[in-house]
Amino acid sequence: MVFSPTSSVRASCLELIRQSCSVAINISALEKFSNEIAQSIHSNQSLQVAEWDTDGWHYTGKTYQRRKYQNDELYELMRMERVGLYILSMDAINFCFWPSSSCSAKNGLEYEHLAIALRKVAEMDDASDNRQEYTGSGDSNTFVQAESSYVLSPFNLAALTSKKLQSLLQPHFPPSSESIVYELPGIDVRCRLLNELGKGLLDHHNGSALNMISKANQSADSLVKIILDTFPGFRDYVDKESWTNKNNSCDWNAAKSSTSVIHFYKRAQIAVADVWAALGRCSTSSQKCHFTDMKLITTFPDYRVPQILRQVGALQYTPALAAKVDNQEELDEGGVDEVSIRAGTVVAVEEMVELVKKRLTDIAESDSSEESKENLYKLLEDVSAVTIDWYLWQRGEKQDRLNLLGPHHRVRTTYY
């Protein structure tokens, strides 16, 4: 049987939530929240999801210039390769920002700070006119390799040191104060994951992000699998056998078919979604990033989405787990409580997708305006676990800045 990571996420999370665990889904609250989202979509005639680079956080390659081949097809492929490497680098280290080295100051670093800092690093050679000779396959539509001047090239990532990574990113973070610091925790671990990314691309994909993406043949699910097979740091799963004996956790090959494994793959899935958003969803330059099965990607179970779902009553925790979260106690990585929160998030968002689509269909069928009805049916096609996740995450970020959210669960992990 061929391993499908996204199908494994759905099936294993649903099975866990159907069993007795510390998280439950309140269907009536979920229906109410989903109806509110659907009504908002109808009122605004939009999913209200920001495009990938709307806020200017991410590297898009728009300032990338090479006078010698500005109008060549190769130029666009090189830009896409750079963006692909930025996305993979960002999602390799996109986890656990909250720990602080200070006993008295909290860490204010958020995703946006890291995304912006990495964008500025990626832009360092954008205006360079040092052109290296093209290296790649005989068919330039298959892959290219980033120039050696690009900080995020596989060669540079493979050779990166913790000290160098710190020196590249820290100057672009906001200044710290007595009450709040802006620092990237776990710099050694993040550097190791970037080393793994560079080496994996060199060893298995000719040193090219686009080559790796092309191997998926426009399948999001296949690209998730390729990422998992290539980079061990993205293998985000938990073996339930480890709950009774930590030595019982199975290895990667066994995990693919084990019935005791709960699958998540948050960073691998979000990397694929980011590639789609940046290079496929609204781009006409290449078909290789136009994935035909994006609806197979699940939500990305991290801190923010369950925080929002709990706030609206859709996720309910046992009193013991609620007390831990509210008191900001750290949960065990891979423990029952953490896994239950993440599994509940996946299942709840899957249900939300169906509820939002059903409500939008009902609204569209009763809408007297043919133009509005036609637009709603188009929007229906774009409702998926990915777009619902983006909606929830963006809503959560806004509410968090206004201090309108309760605490999120805390886990020291490299997976989210």
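Rules used throughout
Residues numbered from 1 in each chain as written. Predicted model: local features only at pLDDT ≥ 70, side-chain atom pairs only at ≥ 80, totals over all residues. Heavy atoms only, no water. Salt bridge = Lys/Arg side-chain N within 4 Å of Asp/Glu carboxyl O. Helix = DSSP H or I, 4+ residues; strand = E, 2+ residues; numbered from the N terminus. Buried < 20%, exposed > 50% of the residue type's maximum accessible area, 1.4 Å probe, protein only. Contact = heavy atoms within 4.5 Å. Core = buried A, V, L, I, M, F, W, Y, C linked by side-chain atoms within 4.5 Å. Expected span 1.5 Å × (residues − 1). Arc of directions from axis to C-beta.

Caption draft 1: Layout of the pattern of salt bridges. For the coordinates displayed, the defined rule picks out 25 salt bridges. A salt bridge links Lys-256 to Asp-229, with the shortest nitrogen-to-oxygen separation between them at 3.0 Å. Of the two residues, Lys-256 sits in the loop between helix 10 (252-255) and strand 5 (261-263) while Asp-229 sits in helix 9 (residues 220-230), which places them 27 residues apart along the sequence. What makes Lys-256 partly exposed here is its relative accessible area of 23%. Here Asp-229 falls in the partly exposed class, since its relative accessible area comes to 32%. Here Asp-326 makes a salt bridge to Arg-310, at a shortest N to O gap of 2.8 Å. Separated by 16 residues along the polypeptide, Asp-326 in helix 13 (residues 319-326) and Arg-310 in helix 12 (residues 304-311) bring together distant segments of the chain. Look at Arg-310 and you get partly exposed, because its relative accessible area is 22%. Among the ionic contacts, a cluster of salt bridges with common partners joins Arg-66, Arg-82, Asp-125, Asp-126 and Glu-147.

Caption draft 2: Structural context of the environment of Met-124. Mapping Met-124 onto the fold places it in the loop between helix 4 (111-122) and helix 5 (154-159). As for Met-124 and Asp-362, which are separated by 238 residues in sequence, their C-alpha atoms are 50 Å apart. Beyond its immediate sequence surroundings of up to four residues, Met-124 is in contact with Val-151 and Leu-168.

Caption draft 3: Local environment of the nonpolar core. Counting residues in each nonpolar core, the largest one holds 137 residues, and the members touching the most others are Tyr-86, Leu-169, Ile-227, Phe-291, Leu-309 and Leu-392. Here this core takes 14 residues from helix 14 (residues 336-366), the largest share from any one element. In contact with Tyr-86, not counting residues within four places along its chain, are Trp-52, Trp-57, His-58, Tyr-59, Ala-115, Leu-118, Arg-119, Ala-122, Tyr-150 and Leu-152.

Caption draft 4: Quick peek at helix 15 (residues 370-381). Taking 1.5 Å of rise per residue, the 12 residues of helix 15 would be expected to cover 16 Å, and the 17 Å separating its terminal C-alpha atoms lies within 8% of that figure. Burial in helix 15 covers these residues: Ser-372, Lys-373, Leu-376, Leu-379 and Leu-380. Seen from one end, helix 15 has its buried residues packed into an arc of 120°, which puts them on one side. Exposed residues pointing more than 90 degrees away from the buried face of helix 15 are listed as Glu-370, Glu-371, Lys-378 and Glu-381. In the core, the buried residues of helix 15 are packed alongside helix 2 (27-44) and helix 14.

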